[in-house]
Amino acid sequence: MTQVDIVSLKDNADPARRLRLPIRDDNGRHVGDLQCIDRSMLDEPGLIDDLTTWRNQSMPFFLSQFNATEERTRRWLETISLPAADRILFVICDPGGDRFGNFGICNIQPGSAEFDNVIRGRGSDIRNLMFQCGIVLLEWMFSGLEVETAELHVFSHNEKAIALYNRLGFAAAERLPLRRAEEEGMVKYSIVDRSEANAGFDYLRMELAIARFRQAHPAALLIA
Ligand SMILES: CC(C)(COP(=O)(O)OP(=O)(O)OC[C@H]1O[C@@H](n2cnc3c(N)ncnc32)[C@H](O)[C@@H]1OP(=O)(O)O)[C@@H](O)C(=O)NCCC(=O)NCCS
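Conventions used here
Residues numbered from 1 in each chain as written. Predicted model: local features only at pLDDT ≥ 70, side-chain atom pairs only at ≥ 80, totals over all residues. Heavy atoms only, no water. Pairing = 2+ DSSP bridges. Helix = DSSP H or I, 4+ residues; strand = E, 2+ residues; numbered from the N terminus. Contact = heavy atoms within 4.5 Å. Phe/Tyr/Trp six-rings, centres within 6.5 Å; stacked < 30°, edge-to-face > 60°. Lys NZ or Arg CZ within 6 Å of the ring centre and 35° of its normal. UniProt positions renumbered as here; feature names shortened; annotations may be inferred. Near = heavy atom within 4 Å. Polar contact = N/O pair within 3.5 Å; in protein donor to acceptor, adjacent residues only side chain to side chain. Areas by Shrake-Rupley, 256 points an atom, 1.4 Å probe, with all protein chains shown as cover. Nonpolar A, V, L, I, M, F, W, Y, C, P; charged D, E, K, R; others polar.

**Some remarks on the sheet that holds strand 5 (residues 99-109)**
- Ordered by their spatial adjacency, 10 strands build an open sheet running 1-2-4-5-6-7-10-8-9-3, and the pairing between neighbours is mixed. Each edge of the open sheet is held by one strand with a lone partner, namely strand 1 (20-24) and strand 3 (64-65).
- Where strand 6 (residues 112-120) and strand 7 (residues 149-155) come together, 3 bridges link them in parallel fashion. Its bridge partner being in strand 7, serine 112 is matched across the sheet by threonine 149.

**With respect to the environment of leucine 221**
- Mapped onto the fold, leucine 221 is located in helix 7 (residues 219-223).
- The sequence separation of leucine 221 and isoleucine 135 amounts to 86 residues, and the corresponding C-alpha distance is 9.7 Å.
- When neighbours within four sequence positions are excluded, leucine 221 is seen to be in contact with Glu139, Ser143 and Arg214.

**Observations regarding the packing of aromatic side chains**
- Taken as a whole and judged by the stated rule, the model has 10 aromatic pairs.
- Centre to centre, the rings of phenylalanine 155 and phenylalanine 201 are 4.8 Å apart; their planes meet at 45 degrees, and the pair counts as tilted. Highlighted residues: phenylalanine 155 in strand 7 and phenylalanine 201 in the loop between strand 9 (186-191) and strand 10 (202-209), separated in sequence by 46 residues.
- Every member of this aromatic cluster is reached through a ring pair, and the members are Phe103, Phe115, Tyr165 and Phe170.
- Above the plane of the ring of phenylalanine 62 lies arginine 55, whose end atom (NZ or CZ) is 4.3 Å from the centre.

**Notes on unusual backbone geometry**
- Positive phi outside glycine occurs at asparagine 128, with the angle close to 55 degrees.
- Looking at the element boundaries, asparagine 128 is found in the loop between strand 6 and helix 4 (129-144).
- In this structure, glutamate 184 is a non-glycine residue whose phi angle is positive, near 45 degrees.
- Inspection of the secondary structure assignment puts glutamate 184 in the loop between strand 8 (171-183) and strand 9.

**A closer look at the UniProt feature "domain: N-acetyltransferase" (unreviewed entry) in the protein**
- Look at the UniProt record and you will see "domain: N-acetyltransferase" (unreviewed entry) annotated at residues 58-170.
- Measuring from the first to the last C-alpha atom of residues 58-170 gives 21 Å, for a span that is 34% helix and 31% strand.

**Topic: the site of the ligand**
- What surrounds the ligand is a group of 20 residues, the closest being Val118, Arg120, Gly123, Asn128 and Asn158.
- Measuring from an oxygen atom of the ligand, one finds a backbone N or O atom of arginine 120 at 2.7 Å.
- Across the complex, the protein chains shield 72% of the 880 Å² of accessible surface that the ligand would expose by itself.
- For the shell around the ligand, the elements supplying multiple residues, two or more each, are strand 6, helix 4, strand 7 and helix 5 (159-168).
- Among the elements that make up the shell around the ligand, the one with the highest residue count is helix 5 (4 residues).
- Across the shell around the ligand, the residue classes tally to 10 nonpolar, 6 polar and 4 charged.

Structural data, given as structure tokens:
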């Protein structure tokens, strides 16, 4: 299991020491980095605004649906995301520092970890950007965190996301029934027995084992 100290990575207060995972385009050219959201990044102008805007524009694709505000995003980062030992969130940046979206990992545990909070915030000239980010993060999960299986959950009607995950090599492993409820101004979907489901779609669990990833994307190891 991993020797990577996730909490220390996020506790970093020096931008020069921030974890940056290089992103390459289809020709292997360096086109940006997945930058770990750490303490040194919290006060970067526009960061919280971008994360809030992107979450609001992608709200229908997540289990908890609410009105994101900058205050709420900052509180979530400071009290939940940064202190957690089992999750890490990255911002997709080009070499000039422009931000294009976020991509995270959660439920990091012996043997497995999950994609989390995958959002394309804005367009760019970099082709297949989210695919390339997925490859980089999978390589880090398998080689850096030493997990054997990558997982994720996605709404079964989210065709764009499923297309991306299929291209990365993920395959559907399980369909979990969902129930929609409104609570305190929020919409929340929960996993329930099939008899109680009312969402009209399921929560798809997808898996990608290291052997399949190595077979499908042999170049990822070389590039990393
Ligand atoms: C799922 C998702 C990350 C897939 O992104 P993707 O691989 O870029 O695929 P899309 O079909 O969305 O986009 C196709 C093209 O449209 C463009 N595009 C995508 N999102 C864009 C945006 N927000 N603004 C401008 N252009 C965009 C890109 O140029 C992309 O081409 P590329 O692959 O050459 O970069 C993206 O659709 C998204 O953020 N969806 C909402 C959040 C979501 O569903 N997350 C997953 C939850 S499990």
